[in-house]
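# Coordinate analysis (summary)
Single-letter residue listing:
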Amino acid sequence: MTSSASDGVVTMEMLLEDFYIHLEETRQAAASTSSSSSPPTPTPTPTTIMIPQCHHGLSILHQILQKMYDIMPTASTSTDDVNHVYVAMVENCTAKARILSSDVMKAVTMNTMKTSNGNGNSNSSSMEVVDEGGVEVQQAIAQMLEITLRLHYFADDDVNVNANANANTNDNVNTNVNEIVKGYTNYQRHVLRHRSKPSIATLATLRKYAMNSGMGVMDYIDIEHTMEQERQEEEHQQQQQQQQKHVNNNNH
């Protein structure tokens, strides 16, 4: 974090400063290229999102909010404390973090499902999938989902003392969470399909060759494997012969 105190005591003012600095940095990392002018430009594809930077930023924001909740007045003390300005600030910061985390997750996952075929309908064959970076990127996205869920269920009972307001907040939170989880689930399904396409294409080719040869797929694969081993062995023997020939020439 950017702020520190000489006596080691973390104040709410310091946390607020750190929060807004990291909030802006994370917003920039996940910045959309869309314009507010008319006509609007399309939402950027997930590959334009800086996933590692977003993951780092959301992690820091979550840590800062945890510290805010640790030192802010709570509903268990008095009504005056609940209405304390710091409580309102923490509520506001929590809401901003929720919105940002939701926007990041939807940018990464929902765009996968919104690619259009030109007729306004979803077209799975043209869907783009964030799969660059391998395991590291997938771990970052999964951890961003976890952070997003934590932010959405962050100490609601401690902040909202009005039962009706709390119920309405929970309804909105649950709706948004369900949408995010559904998007992530569909996203992972598309990732698996994206990764399996080369294997499926290879299997289809092997099946075609096997049928043309009048044999089963596994038999064809076994024969191909045996022939490949024989080719490799033959190449190895040729290399050894060439090396031996080169040695003999040098001796003469």
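In case you missed it, the structure is sitting above this.
Let me begin by describing the structure that accompanies this report.

Cut-offs and rules
Starting afresh in each chain, residues are numbered from 1 along the sequence in its written order. Residues qualify for local features only when their pLDDT is at least 70, as the model is predicted, and side-chain atom pairs are given and counted only at 80 or more; totals for whole chains, interfaces and linings, by contrast, use all residues. Excluding hydrogens and water, the side-chain figures rest on all heavy atoms present in the structure. Elements are defined by DSSP. Helices are runs of H or I of four residues or more, strands are runs of E of two residues or more, and each kind is numbered from the N terminus. Accessibility here uses a 1.4 Å probe with only protein chains present; expressed as a share of the type maximum, an area under 20% marks a residue as buried, one over 50% as exposed, and anything in between as partly exposed. In these tables, accessible area is a Shrake-Rupley quantity obtained with a 1.4 Å probe, and a residue counts as shielded only by the protein chains included in the view. Lines fitted to the C-alpha atoms define the axes, with helices restricted to the stretch that makes contact. Angles between their N-to-C directions range from 0 to 180 degrees. With respect to orientation, any angle under 35 degrees is reported as roughly parallel, any angle over 145 as roughly antiparallel, any angle of 65 to 115 as roughly perpendicular, and every other angle as oblique. Put simply, a crossing is left-handed when the front helix is turned counterclockwise from the back one by less than a right angle, and right-handed when it is turned clockwise. It only takes one pair of heavy atoms within 4.5 Å for two residues to be counted as in contact. Residues were grouped as follows: Ala, Val, Leu, Ile, Met, Phe, Trp, Tyr, Cys and Pro as nonpolar; Asp, Glu, Lys and Arg as charged; and all remaining residues, including Gly, as polar. The length a helix should cover is 1.5 Å for every residue beyond the first. The term salt bridge refers to a side-chain nitrogen of Lys or Arg lying within 4 Å of a carboxyl oxygen of Asp or Glu. Two rings from Phe, Tyr or Trp (for Trp, the six-membered ring) form a pair when their centres are within 6.5 Å of each other. A pair whose planes differ by under 30 degrees is stacked, one over 60 is edge-to-face, and the rest are tilted. A 3.5 Å cut-off defines polar contacts: any pair of N or O atoms within that distance qualifies, except that in protein one atom must be a possible hydrogen donor and the other a possible acceptor, and neighbouring residues in sequence count only when both atoms are side-chain atoms.

### Quick notes on the overall build of the chain
Assigned secondary structure in the chain consists of eight helices and zero strands. Along its sequence from the N terminus, the chain presents helices and strands in the succession α-α-α-α-α-α-α-α. Looking at the chain as a whole, 31% of its 252 residues qualify as buried. Carbon together with sulfur atoms contributes 50% to the accessible area of the chain, which is approximately 15,700 Å² in total.

### Focus: the packing of helix α1 (residues 12-29) against helix α4 (residues 85-109)
One can describe the packing of α1 onto α4 by two numbers: an axis separation of 11 Å at closest approach and a directional angle of 15°. Viewed along their axes, α1 and α4 adopt a mutual orientation that is roughly parallel. As for the relative orientation of α1 and α4, their crossing is left-handed in sense. For the pair α1 and α4, the contacting residues are Met12, Glu13, Leu16, Phe19, Tyr20, Leu23, Thr26 and Arg27 in the first and Tyr86, Met89, Val90, Asn92, Cys93, Lys96, Ala97 and Leu100 in the second. When its residues are assigned to classes, the contact of α1 with α4 shows eleven nonpolar, two polar and three charged.

### Looking at α1
Taking 1.5 Å as the rise per residue, α1 with 18 residues should run 26 Å; its terminal C-alpha atoms sit 25 Å apart, in good agreement. Burial in α1 covers these residues: Met12, Met14, Leu15, Leu16, Asp18, Phe19, His22, Leu23, Thr26 and Ala29. Here the buried face of α1 lies against α2 (51-71) and α4.

### Description of the pattern of salt bridges
Going through the model one piece at a time under the given rule, you end up with three salt bridges. The salt bridge partner of Glu179 is Lys106, with a shortest N-O separation of 3.7 Å. With Glu179 in helix α7 (residues 163-213) and Lys106 in helix α4, this residue pair connects regions lying 73 residues apart in the sequence. Of the residues examined, Glu179 reaches a relative accessible area of 36% and is grouped as partly exposed. Given the relative accessible area of 24%, Lys106 is considered partly exposed.

### What to know about the packing of aromatic side chains
Taken as a whole, this structure holds two aromatic pairs when the rule is applied. For the ring pair Phe19 and Tyr20, a centre distance of 5.4 Å and an interplane angle of 85° mean the geometry is edge-to-face. Residue classification places Phe19 among the buried residues on the basis of a relative accessible area of 0%. Aromatic side chains Tyr184 and Tyr187 sit 6.2 Å apart centroid to centroid with 40° between the ring planes, which places their arrangement in the tilted category. Pair noted here: Tyr184 and Tyr187 are both in helix α7, with a separation of three residues, about one helical turn.

### Some points on the side chain of Thr109
Following the sequence through the fold, Thr109 ends up in helix α4. For Thr109, a relative accessible area of 1% translates into the label buried. A polar atom in the side chain of Thr109 sits 2.7 Å from the backbone oxygen of Met105. The residues contacting Thr109, other than those within four sequence positions of it, are Gly183, Tyr184 and Tyr187.

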